[in-house]
Amino acid sequence: PIEFANNSEEEEEEEEENFKPLEGSTRHMMAVETLLAELVNNNYDACRRIPSSFIRELSRAIAEYHLTDMKDLSFSPILDFFVTICCPCDQNIKSNQSAITRTLWSSSPTLARLRSTFTANKFCKSLEIHLDIVNGIATGIGKSVPHYLRRVDRCIVVMYAVIRGNSDHAGGEAKQVSALQAEPAELTVNNVTDIICMLLPVPPMPREDDSLPAQRTSCKVLHRSTVSLFKILSVMLRVGTVDKKYFSSTMVRSMLEDEVRLMLSIETDKWAQGLDDGSRLDMMSSAMLATGSIIDCASRMGIRAEFIGENYETLFGAAGGDDEAPAPIYECAMRVVNGRVGDAPHHKHHHRGGGDTGDNGNVEVNPNVASLFKAATFLVSVLKANSGADSDRDSFSTVAGSVDDDVEAANANARDIEAKEKEVDAFMVLPNEDDVLDEIELARAKGNHEIGGNGLGPGTTAATQWSYFTHALNTNPKIETVLQSRRFELLEFLENAHEVTGCPLEDADSDHESDEEGSEGGASAHEAKKSNVNGVGAVTISWEDIVLRCVTYVRVQQAEGTFSEKTGICVFDLFRTHLQKARHVKEKRGNVQHSASLTVGDLSPRQLAHFYKCQAALDGYGVMEIVLETIASDDPDSKMSPLVHRAIELAIELQVGGNKVTQASVAKYINSQNGSKLLGVIHGRIANTSKMLEVRRAEKANTGYTPPNGSLLLGMGDTELMLSFLGAVCEGHNNEVQNLVRVQPHTATASTNVLMDCIDLLGVICSVNENLDTLGRHEVGLISKCVDTLVEALQGPCKANQELVADSAAILSVNNILASDLSAHQIPREERIICKCKAVLLVHACLEARSGGAAGDHKVHKDIGASLEPRNVDRFFESASIYIEAENHQKHRPNALGLGEKAVHGIIHNSVEGLRLDSEQETHGEEEGSIKEELLAALVTLDMIAKELAAVPDFAEQARPDHNAEVQNDFLDKYVGYVEVCWDGRIQQVSFPIPIYADYFKESSQHKFLQTVDLDGPEKRMKQLAKESLDMISEMKSIYTNSRNSVFYLFMHRNIVRVKRVLYCVVVILNLNLLMAPPHLRNILGVLHSPDSSSRPYLLAVHYTIALSSITALGYIVITGFLAYTEIPIVIREIDQLVQESEEKVAAREMKRSEFRNWGAFNVWIYALVFACMLMLMHQANYPGTPGLHLNRIWWVLVVIPWGLVAVRNFYVVPDNRPVRCFCIIMDALVLKSFLRNHIILMFFSIFGLFDSVHFSLMLLDVFNIVPIMGEILKSITIPGAKLLSVLFLFVITIYIYAAFGLDYFEGEFDYAKDDDNDDNLGCHSTMSCFWLIAYQGIPSGGYIENGMIPANNRMDSYMARVMYSLSFFVWVGVVLFNVITGLIVDSFTELRGASEERAATLADECFVCGLEEQEYDEQIDVGASFVKHVAQEHHWWSYVLYLAYLRDKEQTELDGLESYVLGRLKVSDFDWVPRKTCYSIQVLAVTPPKAATAV
């Protein structure tokens, strides 16, 4: 339970430590709560529609959330929601109150803390602190003030709502009052009265000039809480059980005499004189209501006379009393009933609760005034009522008899209990909601920094706060995903309508089987079909039927002129959601399935084909036609209707990604009779906006900047939507439609040049440089959208459109945009940057595919060169480069909202910030990076433009005072890459921004590629480069991501070679130490743990070994972890990509699932397995009772088992389930990643060496991983491996043959130990023993088999046989076989060295990309270029890898014509875009002009 802070210093310090600003999910939750509260604010229809089940579940969820995260519900904005739906002016909403009550007072242990928040004790403590703040005892901003004090009045109002729940049921309120009076709330009548007595008199509102903000806030809280407590008391007295002692208590008498009477006397007197400002009306009405309820309750309990007698002077006053004494309560009530001078009679209109001033003479009445009159009437009626109390004083009847007829009527109604309760309910409404600003919390969050710019400040209106909040809400991807998924549920049902309609009895089993095979929603569809009551012969409804019916309906309604806008919106939203669903993917997180939106560039080829198919299918049913008809029917001179708005959005969605089919339908419609209407509507919208902007420009010239009016804002919004439609029509470089927006040759009417309208619109805004410095955000957004549309209309290229734009005022507008600061004092920097980047892209689109040796002779170049000023280009280049450099050297600080330049504070800010932070904190760095990438791309484009225009005199001869060629070149060399592309018969120089991960590719990987690539022709080289570039890019991205996440990983990546060398030096020192150590120190850990007398003198050497071995073990563990962290993600990506491609092939029926497994992988391995088994059986048969040989074990461990694992891996061609996937990842990492595998083995040796130091010696083999030449030596052995194995087999055969003959002829002449005179060593008595003897002594001696036999002499009978036996073995083994092995290795090494030298010569003398040799290059170019520069800059193979990475990362819809061309060629493995035997320098500087460029 929350314990409110005292003023002790210890608790103050603890309170300060526990205070934490709201972050993350807490702010997100509060944002949702604030939204709910605002949605139902003053919207009683919304309250009425909220089901009680929703309220119940929401209450439980909110309660559980706050118990775990916020620890206190009293600070939650959800209380505003509860209050609004439980206490609206419409008193017919009872189910909501009931649901809240049942939840709050549930016996569930989960809600124990929640219930403990709503206690009288806590209300009293919190309100005491507010009183101290108002009176200046506490500062209000100190440590001892909890940040949730402001919400105590919300808790009290919720209590008021709770006790009124179920008031339409008999005993409903009484039950809830009883629940509140019990534990833990203990909100009894005595406690409520005691709190009211503590608060009264409520302090007056302090003045701003001599009070703190917290004092004013606390005063408002006290006022609202007192009003609510009065109302709670009145309901408790009306429906609850009260002890008679309560009415005779000093507390009640003191409240009525000293507090209520005094307050009513002063306030009603002010009110009657018209001096009251209206802020205390609710206090007076609630106090009168409570007083009347006390008297009425006393009357029901039969003690009315006694109570009035004890409080007569307070209620009616003393006879002949003092004039200066406070007026009695009855007189105060009568002041209100009689009304103020000049007021209309209350009884004539108070039952309406207000009205409008009109011709009928009715006067508008303030609702608070009406409530005050009703409360006064109720109090008067209760005081005047005669309940049979004989002991009432005589003066009471005398005074009461003077009441007028209206009061008599009220008295008669008051006697009827039912009518009286209805009358009470009629004015039991909430007090007026003042937007009480939490200035205490604001001061904490604000940190004494003023909020400026576009942020929210203390003076911000509620409407502005709400607009900020809704903006953040609408742009939050989490909420959008949830809402989208709900729409998709309905759409899923409609798309599978054929499964739940039609005959329920036919093919039920087959349907069920197909459902089980994986169709989504199959089980539910089967159950729905089983429960279908349509019977046999029912009609099957498919998705196609639904679409056709909708299209037919819209066509008929459009033809008849009775088209319903509401129905049309539903139809268009249905189709649009269908397309959005087609580019969403479902992913499972935990047990919840989420749907993520994908852009066209993120879709896989199969998903993209499915999306295009959905677009084309809707177009085939006529959806595009009815959409265009709807747009064409729009009136451009009036406000755009929601129906047309939805139609344009659907038309855009139908063309997302540049679908040629839907764009062809648009072209067909434009060429039809109605096409002129459509273009006329677009022309009218753009022209009207242009006119309004011209008027606004003239006004700003006279008055300066003023916010645009509502009409202009609507016009700009409609125009932006139209421009988006035009951009979608031209998207994908559709040349036919691009020309149609300029001229319509097939229409009967005159052509409408919509492209010129866009140019004129851009000119209206940007033609005057001074106008650009007074723009608003909406106007800058309109500029960006207009430029986007023009770019889409030019790229591809569309040469006629290029000429039109270049010859128009559009380039001058671009020049002005680059020169202007674009209202830097009003518009965020990022928006201005993006606008300028798009302007640069427009110039580049005009020059697309127009480069060449005589580029300056083109008219387009001349037109652009005449309008574009180089100094503005230099200025933008300088500012952009400074921005990029600053971003690279500065840490990103996340912007809380993304809604302005500065942070936003306050309760609404907390909600918005939390709402945005949850979704944006993770991606904030990516968003900042994307702005930097856009800016860098603009600089790259600007560099290409400058090169294109270098030959134009009007551009090249202009003064450039800020131009610094050296600085610009240094910057471009750092961030920009260059390639050359063969396009349209000419070589194009292409600049592109180098990806940020380009520096993270390992040099070893580059060297490996150059050593393995097939150099037989440029075509093969480039094809292999394109194929392996995927792995290269993946490796770079993986290393880049890991380096950003870990500084240690970045250090290891940059210093892995140095770390390896240092570690190997430690290994060498370790083995030197072991070389000097005695043999009984092999078990290092054993000696260290239990040293004996022989090992104790060597403990220092043992400690050296322990220290060195620990360093090596730690080093190899770190290196192995680093390699695993680098290599395994690449293996995982390759496997996942294989699975995805295989699944797509299965879906396209290009592959069968049975091909996911390859049983042929075990064919060869089975032979080895059979051989191993037969070897074991033969050993047991020939050596009964003898344990197996080590050779048998070695065969199993080194051959059978590893070979079997490899066979299992080859069996799983496509790892399509989790266990198989994990197995394949491990096997691929061990088999394919040799560097990782070797270090895993070395890591184990470094650990096992502690138990047996002999393993440390194996670590010296790490030299093969460090010294490149050692790798070459090893490769000279592994390359002829098959041949060496064949020779080894000859060795085995030879030894076996000589062993067999030796046993037969020289059994007793073999000698195992020639230096030993023991005769037991003579002779070998089995073929196996002879085999091992010859292998052990004959082979190592170079084929001299006599080393294993007794000396021979000519006196022996077998002398000649021994000579032939030994000599033949020496010649065959010692001369032939050993020389064969030496020759194979030497030839392999020589071949490798020759191939390496040849490869190095080829790479040095021949261009990797185009195949041009140095001599050929020099013959074609006399001066101005060099072959070294050509290879290093123009055609560097690594630049093409980065260019492919750039193209694959770029959004597909943002590609220009050349980039789309290159990607299109790559998809079909066509490399005619790669120059062959030529380059741009040859094209420009050639001695003899070359023929048309050829490609690979």
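Calculation criteria
- Along each chain, numbering runs from 1 in the same order as the chain's sequence is written.
- In keeping with the predicted nature of the model, local features appear solely for residues at pLDDT of at least 70, side-chain atom pairs appear and are counted solely at 80 or more, and the whole-chain, interface and lining totals rest on all residues.
- To get the side-chain values, all heavy atoms of the structure are used, and hydrogens and water are removed first.
- Helix numbering and strand numbering both begin at the N terminus, where a helix is a DSSP run of H or I of at least 4 residues and a strand a DSSP run of E of at least 2.
- Partly exposed describes any residue whose relative accessible area lies between the buried limit of under 20% and the exposed limit of over 50%, with all areas from a 1.4 Å probe on protein chains only and scaled to the type maximum.
- Whether two residues touch is decided by their heavy atoms; if any such pair falls within 4.5 Å, the residues are in contact.
- For the accessible areas, the method is Shrake-Rupley and the probe is 1.4 Å, while residue cover comes only from the protein chains on display.
- Any carboxyl oxygen of Asp or Glu that lies within 4 Å of a side-chain nitrogen of Lys or Arg is treated as forming a salt bridge with it.
- Patches draw on residues past 30% relative accessible area with no salt bridge. Two like charges within 9 Å are joined, as are two nonpolar side chains (Val, Leu, Ile, Met, Phe, Trp, Tyr) within 5 Å.
- Charged residues are defined here as Lys and Arg on the positive side and Asp and Glu on the negative side; His and the ends of the chain fall outside this count.
- To locate a charge, take NZ of a lysine, CZ of an arginine, CG of an aspartate or CD of a glutamate.
- Any two strands are treated as partners once DSSP identifies two or more bridges connecting them.
- Cysteine sulfur atoms that come within 2.5 Å of each other are treated as a disulfide pair.
- The convention used is that axes are lines fitted to C-alpha atoms, helices contributing only their stretch in contact, and that angles between N-to-C directions extend from 0 to 180 degrees.
- Here the word oblique covers every angle except those under 35 degrees (roughly parallel), over 145 (roughly antiparallel) and from 65 to 115 (roughly perpendicular).
- In the scheme used here, Gly and all other residues not listed as nonpolar or charged are polar, with Ala, Val, Leu, Ile, Met, Phe, Trp, Tyr, Cys and Pro taken as nonpolar and Asp, Glu, Lys and Arg as charged.
- Ring pairs shown here join Phe, Tyr and Trp side chains whose ring centres sit within 6.5 Å, with only the six-membered ring taken for Trp; geometry is labelled stacked below 30 degrees between planes, edge-to-face above 60, and tilted in between.
- Each crossing gets its handedness from the near helix: less than a right angle anticlockwise from the far helix is left-handed, clockwise is right-handed.
- An arc is given here, and it is the one of the directions from the helix axis to the C-beta atoms.
- What is meant by a nonpolar core is a set of buried Ala, Val, Leu, Ile, Met, Phe, Trp, Tyr and Cys residues, joined one to another through side-chain atoms within 4.5 Å.
- Confidence of the predictor in every single residue is expressed as pLDDT, which spans 0 to 100.

If you had to explain the overall build of the chain to someone new, which residues and values would you point to?
From N to C terminus, the chain includes 68 helices and four strands. Each of the 1496 residues in the chain was classed as buried or not, and the buried ones make up 49%. In the chain, the share of contacts with a sequence separation of at least 24, taken over all contacts with a separation of at least 6, comes to 76%. Approximately 72,100 Å² of the chain is accessible, and the part contributed by carbon and sulfur atoms is 55%.

Before we move on, could you go through the pattern of salt bridges and cite the residues and values that matter?
Applying the stated criterion to the full structure yields 34 salt bridges. The salt bridge involving Arg261 is made with Glu257; its shortest N-O contact spans 3.3 Å. With Arg261 and Glu257 both in helix α13 (residues 250-272) and four residues apart, the pair spans about one turn of that helix. Relative accessible area serves as the criterion here: at 29%, Glu257 is assigned to the partly exposed category. Glu625 is the salt-bridge partner of Arg555, the closest N and O atoms lying 3.0 Å from each other.

Explain a negative patch on the surface to me, and be specific about the residues and the numbers.
On the surface, Asp1405, Glu1413, Glu1414, Asp1418 and Glu1419 cluster together into a negatively charged patch. The greatest single-element share of the negative patch, amounting to three residues, is contributed by helix α64 (residues 1414-1420). Along the chain, Asp1418 turns up in helix α64. Taking the relative accessible area as the measure of exposure, Asp1418 reaches 43% and is therefore partly exposed.

Summarise the pairing of strand β3 (residues 976-983); cite the residues concerned and give the values.
Burial analysis of β3 places seven of its eight residues in the buried class, which makes it a mostly covered element. Here β3 folds back onto strand β4 (residues 986-993) in antiparallel fashion, the turn holding two residues, of which Asp984 has a positive phi close to 60°.

Outline the side chain of Arg832, listing residues and values.
Tracing the backbone shows Arg832 in helix α42 (residues 829-847). In this structure Arg832 touches Asp821, Leu822, Ser823, Ala824 and Ile827, once residues within four positions along its chain are discounted.

Outline the environment of Thr577, listing residues and values.
For Thr577, the location among the structural elements is in helix α29 (residues 565-582). Overall, Thr577 belongs to the buried group, its relative accessible area being 10%. Measuring from C-alpha to C-alpha, the distance between Thr577 and Arg487 comes to 7.3 Å, with 90 residues separating the pair along the chain. For Thr577, the residues in contact, after removing those within four places along its chain, are Gln484, Arg487, Phe488 and Leu491.

Break down the state of the cysteines for me, with residues and values.
Linking two cysteines covalently through their sulfur atoms gives a disulfide. Following the criterion strictly, the structure yields one disulfide and no others. A sulfur-sulfur distance of 1.9 Å marks the disulfide that ties Cys1324 to Cys1330. On the sign convention where negative is left-handed, the bridge of Cys1324 and Cys1330, at about 80° about the S-S bond, is right-handed. The residues Cys1324 and Cys1330 share a single accessibility class, namely buried. With no disulfide of its own, Cys837 lies 9.2 Å from the sulfur of Cys835, the closest cysteine sulfur. Since its relative accessible area comes to 8%, Cys837 is described here as buried.

Give me the lowdown on the packing of helix α30 (residues 605-620) against helix α33 (residues 660-670), citing residues and values where you can.
Interhelical geometry of α30 versus α33 gives an angle of 30° and a closest axis separation of 8 Å. If you check the angle between α30 and α33, you find them roughly parallel. Seen from α30, the contacting residues are Gln615, Ala616 and Asp619; seen from α33, they are Val661, Thr662 and Ser665. A class-by-class count of the residues in the contact of α30 with α33 yields two nonpolar, three polar and one charged.

Can you lay out unusual backbone geometry for me, pointing to particular residues and giving the numbers?
Cis rather than trans, the peptide bond between Leu200 and Pro201 has omega equal to -10°. For the bond from Gly796 to Pro797, the omega torsion is 0°, close enough to zero to count as cis. The residue Pro797 is located in the loop between α39 (777-794) and α40 (799-806) in this model. Although it is not a glycine, His733 adopts a positive phi angle of roughly 60°. Turning to its location among the elements, His733 is positioned in the loop between α35 (710-730) and α36 (735-740). Residue classification places His733 among the buried positions, given a relative accessible area of 17%. At Ser1469, a position not held by glycine, the phi torsion is positive, near 55°. Along the chain, the position of Ser1469 falls in the loop between α67 (1457-1467) and α68 (1480-1485).

Which residues make up the side chain of His1053, and what values do they have?
Tracing the chain through its elements places His1053 in helix α51 (residues 1047-1076). A residue is classified by how much of its surface remains accessible, and His1053, at 14% relative accessible area, is buried. Setting aside chain neighbours within four positions, we find His1053 in contact with Asp999, Tyr1000, Lys1002, Ile1039 and Phe1122.

Would you mind going over the packing of aromatic side chains in detail, with residue names and values included?
Applying the stated rule across the entire model yields 34 aromatic pairs. Aromatic side chains Phe1001 and Trp1438 sit 4.9 Å apart centroid to centroid with 25° between the ring planes, which places their arrangement in the stacked category. You can see Phe1001 sitting in the loop between β4 and α49 (1003-1012) and its partner Trp1438 sitting in helix α66 (residues 1437-1449), a full 437 residues away along the chain. According to the relative accessible area criterion, Phe1001 is buried, its value standing at 6%.

Let's hear about the packing of helix α28 (residues 543-560) against α29: which residues, and what values?
Relative orientation of the contacting elements α28 and α29 amounts to 145°, with a least axis distance of 11 Å. In the crossing of α28 with α29, the sense of the turn from one axis to the other is left-handed. Every residue of α29 that contacts α28 at Trp543, Val547, Cys550, Val551, Tyr553 and Val554 is listed here: Thr567, Val571, Leu574, Phe575 and His578. The residue makeup of the contact of α28 with α29, split by class, is nine nonpolar, two polar and no charged.

Describe in detail α49, supporting the description with residues and values.
Note on helix geometry: an α-helix contains 3.6 residues per turn, so any two residues three or four positions apart are oriented the same way. Within the span of α49, buried status applies to Ser1005, Phe1009 and Leu1010. Down the axis of α49, the buried side of the element spans an arc of 135°, and every buried residue falls inside it. Opposite the buried face of α49, by more than 90 degrees, sit the exposed residues Glu1003 and Lys1008. Tucked into the core, α49 has its buried residues touching α50 (1018-1045), α63 (1359-1405) and α66.

Could you give an account of the pairing of β4, with specific residues and numbers?
Most of β4 is tucked away, with six of its eight residues classed as buried. Here β3 pairs with β4 via eight bridges, running antiparallel. Residue pairing in the sheet places Val979 in a bridge with Val990 of β4.

Any chance you could break down the nonpolar core for me, citing the residues and the numbers?
Residues Phe575, Ile783, Leu842, Ile864, Leu868 and Phe876 are the most contacted members of the largest nonpolar core, which totals 126 residues. In this view, Leu842 contacts Leu762, Val787, Leu790, Val791, Leu794, Val805, Ala810 and Val814; residues no more than four positions away in its chain are not counted. Judged by nonpolar contacts, the second largest core, of 81 residues, contains Met159, Ala290, Ile295 and Ile308.

Before we move on, could you go through the confidence of the model for the chain and cite the residues and values that matter?
Detail in the predicted coordinates should be disregarded across regions flagged by low pLDDT. For the chain, the mean per-residue pLDDT works out to 75, and 72% of the residues sit at or above 70. Low confidence marks residues 140-147, where pLDDT is under 50. Its contacts with residues over four positions away, or in another chain, come to 25 contacts.

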